[in-house]
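# Examining the three-dimensional arrangement
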Amino acid sequence: MQLTLVRHGEAAAPVNGNDHKRPLTERGHLQAEQTAEFLKTQYVPDVFVVSPLLRAQETLAHIQHYFPDVPVLICDTIKPDDDAGLAVEWLAQLPFEQVTVVCHMNVVAHIAEQLTNDAFQPFSLAEARIYEQAVIANGLSTQKKAFVPSA
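Residues numbered from 1 in each chain as written. Predicted model: local features only at pLDDT ≥ 70, side-chain atom pairs only at ≥ 80, totals over all residues. Heavy atoms only, no water.

## Remarks on helix α4 (residues 107-116)
Across the 10 residues that make up α4, a large majority, 7, are buried. Here α4 has its buried residues at V107, V108, A109, I111, A112, L115 and T116. In this structure, the buried residues of α4 make contact with β1 (2-7), α3 (84-92), β4 (98-103) and β5 (128-132). Positioned one or two residues after α4, N117 has a phi angle of 60°, which is positive. (Buried < 20%, exposed > 50% of the residue type's maximum accessible area, 1.4 Å probe, protein only. Helix = DSSP H or I, 4+ residues; strand = E, 2+ residues; numbered from the N terminus. Contact = heavy atoms within 4.5 Å.)

## Remarks on the packing of aromatic side chains
The full count for this structure, using the stated rule, is 3 aromatic pairs. Each ring, one from F38 and one from F147, has its centre 4.8 Å from the other, and the planes form 10°; the classification is stacked. Of this pair, F38 sits in helix α1 (residues 26-39) while F147 sits in strand β6 (residues 142-147), placing them 109 residues apart in sequence. The exposure class assigned to F38 is buried, which follows from its relative accessible area of 16%. Taken together, the ring pairs in this structure connect Y43, F48 and F67 into an aromatic cluster. The ring centre of F123 lies 3.6 Å from the NZ or CZ of R129, which sits over that ring. (Phe/Tyr/Trp six-rings, centres within 6.5 Å; stacked < 30°, edge-to-face > 60°. Lys NZ or Arg CZ within 6 Å of the ring centre and 35° of its normal.)

## Topic: the pattern of salt bridges
Where side chains of opposite charge bring their charged atoms close, a pairing between them can arise. One pass over the full model with this rule turns up 7 salt bridges. Between D19 and R55 there is a salt bridge; the shortest N-O distance is 3.2 Å. Of this pair, D19 sits in the loop between β1 and α1 while R55 sits in helix α2 (residues 54-64); the two residues are 36 residues apart in sequence, bridging distant segments of the chain. For D19, a relative accessible area of 27% gives the class partly exposed. Of the charged contacts in the structure, one is a salt bridge between K79 and D76, with a shortest N-O distance of 3.2 Å. Where salt bridges share partners, they join D19, R22 and R55 into one cluster. (Salt bridge = Lys/Arg side-chain N within 4 Å of Asp/Glu carboxyl O.)

Right, here's the structure in full:
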């Protein structure tokens, strides 16, 4: 089983104080496109899982360009301040072998921390990390590849 974790690209400041509607900046779109270019050569996902926040959705749109027929699940437990333990439990229930998750710091780094039992390592903007494991559960994943866009 393969799990890919992606942090969204650079986002604009909150719109009228609303964090949910922060769009990607021009640089954020470039970052997301570079990450999508990398991911298109790595695997064919079975499903995308994305946060309901705009910046994650816009990042995913760049990846979806290369995989237009892959279904998308919106997950309300992978927002910036959500509990990574609950996110891992939710992801563990998915009946797919190739899962790509697009979400946010800090939750994405805490998910990675739980999956590998490694120390907390922040994700760069639009960074993708690819993990392999038999099942999604604490301490059972091994990071195989990582990509950080240059934009």
